[in-house]
Amino acid sequence: MKTVQKILLLAAMLVAVQLTGCAQTPETSQPTSEQEAASASSSLPESEPAPAEDVVLDYDEIRTIAVYSASPAVPCEGYFTMSKDGLWGLMRADGTELLPCVSAAPVSRCGMEQHWIWGSGGNPLSWEEIEALSEQLTASGDGSICPGHGGGGDMFFYNLDSEGRDPYALDASALRWYRMGTPGDVFPMEEELWDKYGLILPVFSAHEEGEEGDPAYPSEPVEDENGALYWYFCKDGSGLLIPGAKQALWFLDEELAPVQIEEKWAYVNRKGEIMAKAQYSPTWESDSFTEDTGPRYAACLQNGYAAVCRDGQWGLLNYSGKEVIPCEKQGVAWEGTNLWIKEQDGWHRSPLPA
């Protein structure tokens, strides 16, 4: 439950770091190599133009951006966070640098406004320089740097204490929507949320225990008889139970979703069948607003593909669970519109494999 606690404490943490970020729920479509990021045509004042196809990016890492509009986080489309010498910045998916690599934590976005969380853990720039960069982002249509506000987002759980719940069957009346806040609140599932997050939701079973300052907050996930903490609830009232699942991420409109089994990540289809076995490492979403503690999640599919890491080598997984780029690369980055592959001399933008 660390992700939820992190969102609930965001307002207090922002007082310390003075910066925060924004929300964006990705939209999906059929895989194509011709899509461009929605903001690629805009130009940041006094910044370098988007690189040509043969330009090489000299970053150590390029990572998917976590959007804290929900728990677990959802991936951002159109932008990456990138690092150099252990510090992080922001770039458009086409390679245009928007914020320099000076943040101790990877750039992320919060669930309130179109704002970037950038500068956590210290920032060598002055407030005047930060405000100037934020104005440039706004002018180019790339959001802004947040001056600080509270967080919010959506989480779904199965209420084991729901009045009248059938204990011998999956009961749709026990599905709950927890709207994160300070404090949060619990509601029955709403129709519009199926439209927002897709027809299959990652959930956990929990009791109505609450916690100090937030009596609506559910208990820690309750493990089922198959050792799973997380599972999926479908709009048709059925469930997808993945034995041993310790975490489950989003399908949204995609064919596969990542599920953590023990220490590794697998990919399951919309029937709950494992299409890519549990062999992948986390690739995005850091567990801290103060420094990069390392990624926690495997990549969700975006427009039919996901960058995956196996035994320290990177590849690209498609919607059938096949590595269309085998895990033999130094780095692969994909956010739904642009593919970057790391070679010996740096990061190259690449077309999707045929």
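Residues numbered from 1 in each chain as written. Predicted model: local features only at pLDDT ≥ 70, side-chain atom pairs only at ≥ 80, totals over all residues. Heavy atoms only, no water.

Moving on: the overall build of the protein. From N to C terminus, the protein includes four helices and 28 strands. Residue burial in the protein is summarised as follows: out of 354 residues, 55% are buried. Looking at the protein alone, contacts between residues at least 24 apart form 56% of all its contacts between residues at least 6 apart. For the protein, the exposed area adds up to about 14900 Å²; of that, 48% sits on carbon and sulfur atoms. (Helix = DSSP H or I, 4+ residues; strand = E, 2+ residues; numbered from the N terminus. Buried < 20%, exposed > 50% of the residue type's maximum accessible area, 1.4 Å probe, protein only. Contact = heavy atoms within 4.5 Å. Areas by Shrake-Rupley, 256 points an atom, 1.4 Å probe, with all protein chains shown as cover.)

Strand order in the open sheet formed by four strands is β2-β5-β6-β7, and the pairing between neighbours is antiparallel. Each edge of the sheet is formed by a strand with only one pairing partner; in this case those strands are β2 (61–63) and β7 (97–103). Adjacent strand axes in the sheet meet at a mean angle of 25°, parallel and antiparallel pairs treated alike. Here β2 runs beside strand β5 (residues 79–84); their pairing, made up of three bridges, is antiparallel. In the sheet register, arginine 63 faces β5, and the bridge partner there is threonine 81. (Pairing = 2+ DSSP bridges. Axes fitted to C-alpha atoms, helices over the stretch in contact; angles between N-to-C directions.)

The subject of this paragraph is the packing of aromatic side chains. Considering all chains together, one arrives at 16 aromatic pairs under this definition. Ring pairing ties together the aromatic residues Phe156, Tyr197 and Trp250, which thus form one cluster. Positioned above the aromatic ring of tryptophan 116 is the side chain of arginine 109, whose terminal nitrogen or guanidinium carbon lies 4.1 Å from the ring centre. (Phe/Tyr/Trp six-rings, centres within 6.5 Å; stacked < 30°, edge-to-face > 60°. Lys NZ or Arg CZ within 6 Å of the ring centre and 35° of its normal.)

This paragraph deals with the pairing of strand β11 (residues 153–159). With respect to burial, β11 is a largely interior element, seven of its seven residues being buried. The side-chain alternation of β11 yields two buried faces, one formed by Gly153, Met155, Phe157 and Asn159 and the other by Asp154, Phe156 and Tyr158. Judged from the six bridges that link them, β11 and strand β12 (residues 175–180) form a sheet pairing that is antiparallel. Bridging from a neighbouring strand, glycine 153 pairs with methionine 180 of β12.

Sheet strands pair via backbone hydrogen bonds, and the direction of the pair is either parallel or antiparallel. Reading across the sheet, the four strands line up as β1-β28-β27-β26 and stay open at both edges, with antiparallel pairing between neighbours. The outermost strands of the open sheet, each flanked by one partner alone, are β1 (56–57) and β26 (331–334). Taken together, the five bridges between strand β27 (residues 339–343) and strand β28 (residues 346–350) define a ladder with antiparallel strand orientation. Within β28, the residue paired with lysine 342 across the bridge is tryptophan 347.

Once that is clear, we can look at the confidence of the model for the protein. Any residue range with low pLDDT should be treated as having predicted coordinates unsuitable for detailed reading. Per-residue pLDDT for the protein has a mean of 84; in total, 81% of the residues score no lower than 70. In this model, residues 1–49 is a region of pLDDT below 50 whose contacts with residues beyond four sequence positions or in other chains number 154 contacts. (pLDDT = per-residue confidence, 0-100.)

Let's shift gears to the layout of surface pockets. In this approach the atoms are scanned with a rolling probe the size of a water molecule, which exposes any empty space left behind. In this structure, the largest pocket encloses a volume near 340 Å³. The wall of the largest pocket is formed by 15 residues, among which Tyr158, Ser205, Asp224, Trp231 and Leu241 lie closest to the centre. Of the residues that constitute the lining of the largest pocket, the class distribution is nine nonpolar, two polar and four charged. (1 Å grid on protein atoms, 1.4 Å probe; cavity = no way out; pocket = protein on both sides within 12 Å on 5 of 7 lines; lining within 4 Å. Points joined across faces, edges and corners; volume = space filled by probe spheres on them. Nonpolar A, V, L, I, M, F, W, Y, C, P; charged D, E, K, R; others polar.)

Mapping glycine 272 onto the fold places it in the loop between β19 (264–269) and β20 (274–280). Separated by 15 residues in the primary sequence, glycine 272 and alanine 257 have C-alpha atoms spaced 9.4 Å apart. Setting aside anything within four residues of it in sequence, one finds glycine 272 in contact with Leu240 and Ile242.

Note: β19 against β20, three bridges, orientation antiparallel. Counted as the bridge partner of tyrosine 267 is alanine 276 from β20. Remark: four residues form the turn of the hairpin made by β19 and β20, two consecutive strands paired antiparallel; glycine 272 in that turn has positive phi of roughly 85°.

For alanine 248, the position within the fold is in strand β17 (residues 245–248). Measuring from C-alpha to C-alpha, the distance between alanine 248 and alanine 298 comes to 9.9 Å, with 50 residues separating the pair along the chain. Filtering out sequence-adjacent residues up to four positions away, alanine 248 remains in contact with Pro72, Pro202, Tyr230, Tyr232, Pro258 and Val259.

Once that is clear, we can look at helix α3 (residues 127–139). Three or four residues apart is the spacing at which side chains of an α-helix point the same way, because the helix has 3.6 residues per turn. Relative to the 18 Å expected for 13 residues at 1.5 Å per residue, α3 spans 18 Å between its end C-alpha atoms, a close match to the ideal helical length. Of the residues making up α3, those classed as buried are Ile130, Leu133, Ser134, Gln136 and Leu137. An end-on view of α3 places all buried positions within 160° of arc, on one side of the element. In α3, the exposed residues that point more than 90 degrees away from the buried face are Glu128, Glu135, Thr138 and Ala139. Buried residues along α3 sit in contact with β7, β9 (115–117) and β10 (144–145). With its phi angle positive at about 80°, glycine 141 sits one or two positions after the end of α3. (Expected span 1.5 Å × (residues − 1). Arc of directions from axis to C-beta.)

Where like charges cluster on the molecular surface, the negative patch consists of Asp161, Glu208, Glu209, Glu211 and Glu220. With respect to the helices and strands, glutamate 220 occurs in the loop between β14 (200–206) and β15 (230–234). (Patch = residues over 30% accessible without salt bridge, like charges linked within 9 Å, V, L, I, M, F, W, Y side chains within 5 Å. Salt bridge = Lys/Arg side-chain N within 4 Å of Asp/Glu carboxyl O. Lys, Arg positive; Asp, Glu negative; His and termini not counted. Charge placed at Lys NZ, Arg CZ, Asp CG, Glu CD.)

Another point: unusual backbone geometry. In terms of backbone geometry, most residues other than glycine have negative phi values and most peptide bonds are trans. Of note, the bond from serine 71 into proline 72 is cis; its omega dihedral lies within 30 degrees of zero at 0°. Residue position: proline 72 is located in the loop between β3 (66–68) and β4 (74–75). Although it is not a glycine, glutamate 285 adopts a positive phi angle of roughly 70°. Its location among the elements puts glutamate 285 in strand β21 (residues 284–286).

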